[in-house]
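The primary structure of each chain is shown beneath.
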Amino acid sequence: MTRFRNFPIYLVGLLLAPTGWAQTGDLAPVLSKAVSRTVELPGEFLPYLSVSLHAKVPSYVDRVLVDRGSIVKQGDLLVEMSAPEMAAQIAEAESKVQAAEADRLQAEAQLAAAQSTYDRMKQAAETPGAIAGNELIQAEKQVDAAKALLNSRLQAGRATESAVRALQDLQGYLKITAPFDGVVTDRMVHPGALVGPGNDLALLVIQQVSHLRLVVPVPEEDVSGIMNGADVPFQVPAWPERSYLGTIARISHALDQKTRTMAIEMDVMNRDGSLAPGMYPTVKWPVRRSRPSLLVPKTSVVTTTERTFVIRDRDGRAEWVDVRKTVADGDLVEVIGNLKPGDLVLRRATDEMREGSPMLAAKSKQHE
């Protein structure tokens, strides 16, 4: 009898307990604050400048003055080629220039003679009846014809001179020089090779490695905080103990449809030559939100096979609000959903707290 004496009291207490008390805990407000974090993203180094050098005219390679790894300055002679037939073409063009010059001199003499004849006849025509009128007209026409002939000879002379200059310019392409300061990263020819426009073979590849491009594919959710001109740290596997800096310089402003990332280019000065094109660094990318983030306790987020949600207090009853978790900040986690700062959510939520259940117990613990 003694151990069953208080049984009715326990039964009454159990029946009067608010629905959902076992599933509820205290409430926590939704916080709003700026969240900054760093994510590690892979990158790739590209040379700031890169060019494959080709032969412009059909020729044979005489000398290659550099090899793979050679450091060159702008204007340095790299390759010498020869084209024996080009010398003959230049000599032929120069002979045409001389012939055109002779024709010009002859035309000038003819013009001078015609002009002298016309001047004498014009002076004689001042005496009435000295010469016939049509003779003066014919003399004048001969002067005009001589002038036209001289102009054509002058134009022909300019054309032949232009042909000589063009051939001489082509002859200048038989010497390949460095277009910029850099390093020879590849060599594909040796003396005796036949090169030219009909051959796609490149002679050399030169890259500028003192100044590099670091290309980083930034995920779509992290592009909002990109700041042009910001310095970003990174490391490379070859030198794990060192930390480098790159400066954001170029933003593609378009997402890759396959990876949903935006290519960002950073300028990196490689003064000591420790970096090289083709390296894959790890970039410590700073993520900055354009507006404050909403944070809730980690235990407030419930994840089931169907949805991820928090339980919000809506006029004393439980309301499931779908959210998407992003990043953690200590004991809090950033969520994206239909929430606003100051909303009260269940601190320790489970899917056993059904939607619409009373949350009086949780409220009372919140105000204690």
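Please refer to the structure placed before this passage.
Residues numbered from 1 in each chain as written. Predicted model: local features only at pLDDT ≥ 70, side-chain atom pairs only at ≥ 80, totals over all residues. Heavy atoms only, no water.

*Asks:* When you look at the sheet that holds strand β5 (residues 59-64) in this model, what are you seeing that I'm missing?
*Replies:* Backbone-to-backbone hydrogen bonds pair the strands of a sheet. The strands run either parallel or antiparallel. In space, the four strands of this open sheet follow the order β8-β7-β5-β10, with antiparallel pairing throughout. Edge positions in the sheet fall to β8 (175-177) and β10 (194-195), since each has one partner strand and no second. In the sheet, β5 pairs with strand β7 (residues 77-82) via four bridges, with the strands oriented antiparallel. Within β7, the position partnered with Val-61 by the bridge is Met-81. (Pairing = 2+ DSSP bridges. Helix = DSSP H or I, 4+ residues; strand = E, 2+ residues; numbered from the N terminus.)

*Asks:* What is the right way to look at the side chain of His-211 in this model?
*Replies:* As for its placement among the helices and strands, His-211 is situated in strand β11 (residues 204-219). The buried category is assigned to His-211, whose relative accessible area is 15%. Those residues in contact with His-211, other than ones at most four positions away along the chain, are Pro-47, Tyr-48, Asp-267, Val-268 and Met-269. (Buried < 20%, exposed > 50% of the residue type's maximum accessible area, 1.4 Å probe, protein only. Contact = heavy atoms within 4.5 Å.)

*Asks:* How should I be thinking about unusual backbone geometry in this particular structure?
*Replies:* Notably, His-253 is not glycine yet its phi reads approximately 60 degrees, a positive angle. Along the polypeptide, His-253 turns up in strand β13 (residues 239-255). Here the phi dihedral of Asp-315 falls at roughly 55 degrees; this positive angle occurs in a residue that is not glycine. Tracing the chain through its elements places Asp-315 in the loop between β18 (308-314) and β19 (317-329).

*Asks:* Where do I start with the packing of aromatic side chains in this structure?
*Replies:* The description of an aromatic ring pair rests on the distance of the ring centres and on the angle between the ring planes. Under the definition given, this model contains three aromatic pairs. Pairing Phe-45 with Phe-234 gives two aromatic rings, centres 5.5 Å apart and planes at 70 degrees, and the pair type is edge-to-face. Note that Phe-45 is positioned in strand β4 (residues 44-53) and Phe-234 in strand β12 (residues 231-236), a separation of 189 residues in sequence. As far as the burial class goes, Phe-45 and Phe-234 line up, both buried. A ring pair is formed by Phe-309 and Trp-320, whose centres lie 4.0 Å apart and whose planes are at 10 degrees; its orientation type is stacked. Taken together, the residues Phe-309 in strand β18 and Trp-320 in strand β19 connect sequence positions 11 residues apart. Using a relative accessible area of 0% as the deciding quantity, one classes Phe-309 as buried. (Phe/Tyr/Trp six-rings, centres within 6.5 Å; stacked < 30°, edge-to-face > 60°.)

*Asks:* Whenever I open this one, the pattern of salt bridges confuses me. Can you help?
*Replies:* If charged atoms from side chains of opposite charge come close, those side chains can pair. Scanning the model with the defined rule gives 18 salt bridges in all. One salt bridge connects Asp-267 with Arg-250, and the closest N-O pair in it is separated by 2.4 Å. Of this pair, Asp-267 sits in strand β14 (residues 261-269) while Arg-250 sits in strand β13, and the two are 17 residues apart along the sequence. Between Arg-312 and Glu-319 there is a salt bridge, with its nearest N and O atoms 3.2 Å apart. By sharing partners, the salt bridges in this structure join Arg-312, Arg-314, Glu-319, Lys-340 and Asp-343 into a single network. (Salt bridge = Lys/Arg side-chain N within 4 Å of Asp/Glu carboxyl O.)

*Asks:* I would appreciate a short explanation of the side chain of Asp-343 in the present structure.
*Replies:* Within the secondary structure, Asp-343 is located in the loop between β20 (332-337) and β21 (344-346). One polar contact links Asp-343 to Arg-312, side chain to side chain, over a distance of 2.8 Å. Sequence-distant contacts of Asp-343, that is, excluding residues within four places in its chain, are made with Ala-28, Pro-29, Val-30 and Arg-312. (Polar contact = N/O pair within 3.5 Å; in protein donor to acceptor, adjacent residues only side chain to side chain.)

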